[in-house]
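Observations on chain architecture
Each chain, letter by letter, is given below.
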Amino acid sequence: DAKFFWDEDLKTPLASYQEALKNVTYQQSLGSLWDKTVRVAELARVIAGRVGVDAGAATRAASLAKCDLLTRMVGEFPELQGVMGRYYASRQGEPEAVAFALDSFYQPRFAGDAIAADAVGQVLSVAERLDTLAGIFAVGLKPSGSKDPFALRRAALGLARTLVEAGLEIDLDAAFAEALELLPEAALQAGIKPAKDGSVPPFDAGQRRAALRRELHEFVLDRLRGYYAERGFDGQSFEAVLAAAPVSLADFDRRLRALADFSRRPEAASLAAANKRVANLLRKQVEESGSAAAGAVDAARFELPAEHALAEALEAADRDNSGAWVQRDYGRVLERLAQLQGPVDAFFDAVLVNAEDPAIRANRLALLARLKAQFSAVADIALL
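What counts and how
Throughout, a residue's number is its position along its own chain's written sequence, starting from 1. Only residues with pLDDT of at least 70 get local features here, since the model is predicted, and only at 80 or more are side-chain atom pairs given and counted; chain-wide, interface and lining totals rely on the full set of residues. Remark: hydrogens and water are excluded; side-chain values derive from all non-hydrogen atoms of the structure. Helix and strand assignments come from DSSP, with helices taken as H or I runs of at least 4 residues and strands as E runs of at least 2, each series counted from the N terminus. As defined in this context, the radius of gyration uses C-alpha atoms, and a globule is described by 2.2 Å times the residue total to the power 0.38. A 1.4 Å probe rolled over the protein chains alone gives each residue an accessible area, and that area as a share of the maximum for its type sets the label: buried under 20%, exposed over 50%, partly exposed in between. When checking whether two residues touch, look at their non-hydrogen atoms; a contact exists if any pair is within 4.5 Å. Method for areas: the Shrake-Rupley scheme with a 1.4 Å probe, in which residue coverage is limited to the protein chains shown. For the purpose of charge, His is not counted, nor are the chain termini; Lys and Arg are scored as positive and Asp and Glu as negative. Positions of charges follow a simple convention, taking NZ of Lys, CZ of Arg, CG of Asp or CD of Glu. Stacked, tilted and edge-to-face pairs are distinguished by plane angle, under 30 degrees for stacked and over 60 for edge-to-face with tilted covering the rest, among Phe, Tyr and Trp rings (Trp via its six-membered ring) whose centres lie within 6.5 Å. Each reported salt bridge corresponds to a side-chain nitrogen of Lys or Arg within 4 Å of a carboxyl oxygen of Asp or Glu. To estimate the expected span of a helix, subtract one from its residue number and multiply by 1.5 Å. What we call a nonpolar core is a set of buried Ala, Val, Leu, Ile, Met, Phe, Trp, Tyr and Cys residues that are connected through their side-chain atoms within 4.5 Å.

Let us now look at the overall build of the protein chain. Looking only at helices and strands, the protein chain features 20 helices and two strands. Relative to its length of 384 residues, the protein chain is extended, with a C-alpha radius of gyration of 26 Å against a globular reference of 21 Å. C-alpha atoms of the protein chain, sized along the principal axes, occupy 90 × 55 × 35 Å. Split into buried and exposed, the 384 residues of the protein chain put 47% on the buried side. For the protein chain, restricting intrachain contacts to residue pairs at least 6 apart in sequence, the fraction spanning at least 24 positions comes to 68%. Surface accessibility of the protein chain: about 18000 Å² in total, with carbon and sulfur atoms responsible for 51%. Treating the 46 positive side-chain charges of the protein chain as one cloud and the 54 negative ones as another, the clouds have centres 3 Å apart.

Right under this line is the structure:
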């Protein structure tokens, strides 16, 4: 039977199945499999351009990705979806990068499976999962309790793993915004639940997309927490990096690994405690005055050598780290900041931050705000 299906399927170009995809419903409010294909192809084109991958190959792969679902072979052996797409595309003259991506974009297929090894497959994998998550969340079918009929938790983890392990510099929040923009308005409306009194709240497409974007972003981050926990990273470090709001998950990963190394240094506990103390002082300032410590640090208002020493140490660290910031070498940044332990400890030993003179107090708080800003630019180590 398999030989018969193989011979028969090869008589039909894979691309010719695209028209038939229009007659296969993906989800009532989200349209057909062809509608999904068009959305994924557009996302793949945009993502490929951002990460330096051949956009033409990514778009072509996206346009063929669902076609093998309609072949005789996959109809009889559904577990071969993707695999047969790769073989048929290769046999019918598609570029190797396109053919390989038709199989690899399904990865990771299961727990412990690797991500796609090829660049086009990685782009298509990200685009496919962005559309799936955005679409199913929009129509109100997100996971509930142990129920996850669309395997969205697996899709979110696959998306996160691909972005992290492939090192793709993609703004996840912006990517979800783009995926939501491609959805039909009917899908956005389908997920709105009536109020308890039976009334339907007014529909605003912009607000609906913004709410879904935040929800989707948090959903992926929840999967990422588990991913890193399984690899031995503690929850405090995860939250410390999350507080810095890295734009991409690849950047998140670099920061988290640098912070894990930093936390093993002998200076880490002291500096984390100092940053927590600074955070409490600055928060109290906001509560009492209604505004955060602001303004430049005025060296003329320093009264003690420890103030001068800390200010000079901060300037030196900022200057020394300029190159590391450009290279996003967060390990080197934190290694240099670890050298601030001495001046920081000396400052708190010798200086009364809440001086009676408002100007002196404000200047000292501004100095501490500068200290916190240097550390928080990588991660909020006060949370360690």
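The structure having been displayed, the exposition proceeds.
Inspection of every chain in the model, using the stated rule, returns eleven aromatic pairs. Relative to Phe 252, the ring of Tyr 228 has its centre 6.1 Å away and its plane inclined at 25°; by these criteria the two rings are stacked. Linking Tyr 228 in helix H12 (residues 205-229) with Phe 252 in helix H14 (residues 249-263), this pair joins segments that are 24 residues apart in sequence. Ring geometry for Phe 238 and Phe 252: centres 5.0 Å apart, planes at 50°, overall tilted. Residue Phe 238 is found in helix H13 (residues 235-242), and its partner Phe 252 is found in helix H14; the two are separated by 14 residues along the sequence.

As a further point, take the side chain of Lys 372. Tracing the backbone shows Lys 372 in helix H20 (residues 358-376). In this structure, Lys 372 is buried with no salt-bridge partner, the nearest side chain bearing the opposite charge being Asp 380 at 4.1 Å. In this view, Lys 372 contacts Asn 275, Val 278, Ala 279, Leu 282 and Asp 380; residues no more than four positions away in its chain are not counted.

Compared with an ideal rise of 1.5 Å per residue, which puts 16 residues at 22 Å, helix H16 (residues 305-320) spans 22 Å between its outermost C-alpha atoms and is within 8% of the ideal. Contact partners of the buried residues in H16: helix H18 (330-337), helix H19 (341-350) and H20.

If you look at soluble globular proteins, the nonpolar side chains tend to sit buried side by side. The biggest cluster of nonpolar side chains holds 114 residues, and the ones touching the most others in it are Leu 130 and Leu 224. The greatest single-element share of this core, amounting to eleven residues, is contributed by helix H8 (residues 119-138). Setting aside chain neighbours within four positions, we find Leu 130 in contact with Leu 43, Ile 47, Leu 159, Leu 172, Ala 175, Phe 176 and Ala 179.

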